[in-house]
Amino acid sequence: MKRFLIPLLAALAFPTAVNAGTWYLLAKTSAGTWTVPMPNENQCNAEGRRLLDLDYWRGPISKLPAYVCVLGK
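Below is a summary of the structure that appears in this document.

Rules of the game
Residues numbered from 1 in each chain as written. Predicted model: local features only at pLDDT ≥ 70, side-chain atom pairs only at ≥ 80, totals over all residues. Heavy atoms only, no water. Pairing = 2+ DSSP bridges. Helix = DSSP H or I, 4+ residues; strand = E, 2+ residues; numbered from the N terminus. Axes fitted to C-alpha atoms, helices over the stretch in contact; angles between N-to-C directions. Contact = heavy atoms within 4.5 Å. Disulfide = S-S within 2.5 Å. Buried < 20%, exposed > 50% of the residue type's maximum accessible area, 1.4 Å probe, protein only. Expected span 1.5 Å × (residues − 1). Arc of directions from axis to C-beta. Core = buried A, V, L, I, M, F, W, Y, C linked by side-chain atoms within 4.5 Å. Salt bridge = Lys/Arg side-chain N within 4 Å of Asp/Glu carboxyl O.

Comments concerning the sheet that holds strand 3 (residues 66-71)
Whether parallel or antiparallel, the strands of a sheet pair through hydrogen bonds between backbone atoms.
Consideration 1: One open sheet holds the 3 strands; their spatial order is 2-1-3, and the pairing between them is antiparallel. Here the strands that pair on one side only, and so sit at the sheet edges, are strand 2 (32-38) and strand 3. Strand-to-strand, the axes of this sheet are offset by a mean angle of 20 degrees, without reference to chain direction.
Consideration 2: Both strand 1 (residues 23-29) and strand 2 contribute to a ladder of 7 bridges, which runs antiparallel. Within strand 2, the position partnered with Lys-28 by the bridge is Thr-33.
Consideration 3: Sheet contacts for helix 2 (residues 41-52): strand 1, strand 2 and strand 3; angle to strand 3, the most-contacted strand, approximately 170 degrees.

Here's the deal with the state of the cysteines
Consideration 1: Throughout the structure, instances matching the rule amount to 1 disulfide.
Consideration 2: Between Cys-44 and Cys-69 runs a disulfide, and the two sulfur atoms are separated by 2.1 Å. Every disulfide takes its handedness from the sign of the S-S torsion; for Cys-44 and Cys-69 that torsion is -105 degrees, giving left-handed. Remark: Cys-69 occurs in strand 3 and Cys-44 occurs in helix 2; sequence separation between them is 25 residues.
Consideration 3: Cys-44 sits in the buried class, given a relative accessible area of 0%.
Consideration 4: Cys-69 gets classed as buried once you look at its relative accessible area, which sits at 17%.

Details of helix 2
Consideration 1: Between its terminal C-alpha atoms helix 2 stretches 17 Å, which fits the 16 Å expected from 12 residues at 1.5 Å a residue.
Consideration 2: Residues of helix 2 that are buried include every one of Cys-44, Gly-48 and Leu-51, and no others. Projected down its long axis, helix 2 carries its buried residues within an arc of 55 degrees, all on one side. Along helix 2, the residues that are exposed and aim more than 90 degrees away from the buried face are Asn-42 and Arg-49.

A closer look at the nonpolar core
Consideration 1: Core analysis: the biggest nonpolar cluster contains 5 residues, these being Trp-23, Leu-25, Met-38, Cys-44 and Cys-69.
Consideration 2: With residues up to four places along the chain from it excluded, the contact list for Cys-44 reads Trp-23, Tyr-24, Leu-25, Met-38, Tyr-67 and Cys-69.

Observations regarding the pattern of salt bridges
Consideration 1: Under the criterion given, the structure shown has 1 salt bridge.
Consideration 2: The shortest N-O distance in the salt bridge between Arg-50 and Glu-47 comes to 3.3 Å. Pair noted here: Arg-50 and Glu-47 are both in helix 2, with a separation of 3 residues, about one helical turn.

See below:
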């Protein structure tokens, strides 16, 4: 019984540890707010800088966009 209990507990705990490294891009524009999961901090910051680049936007923007990257738990 003990031989099966330890691997079972490890398998249940492992998916929780894998999700601990998810980064989230929190973005705010005049159109609303978004939360987008990202695989790592570098990609999160790259997409955030792209969000701030006004050349990507079409039409008038009443408020400047903003973003922050946060590490999920």
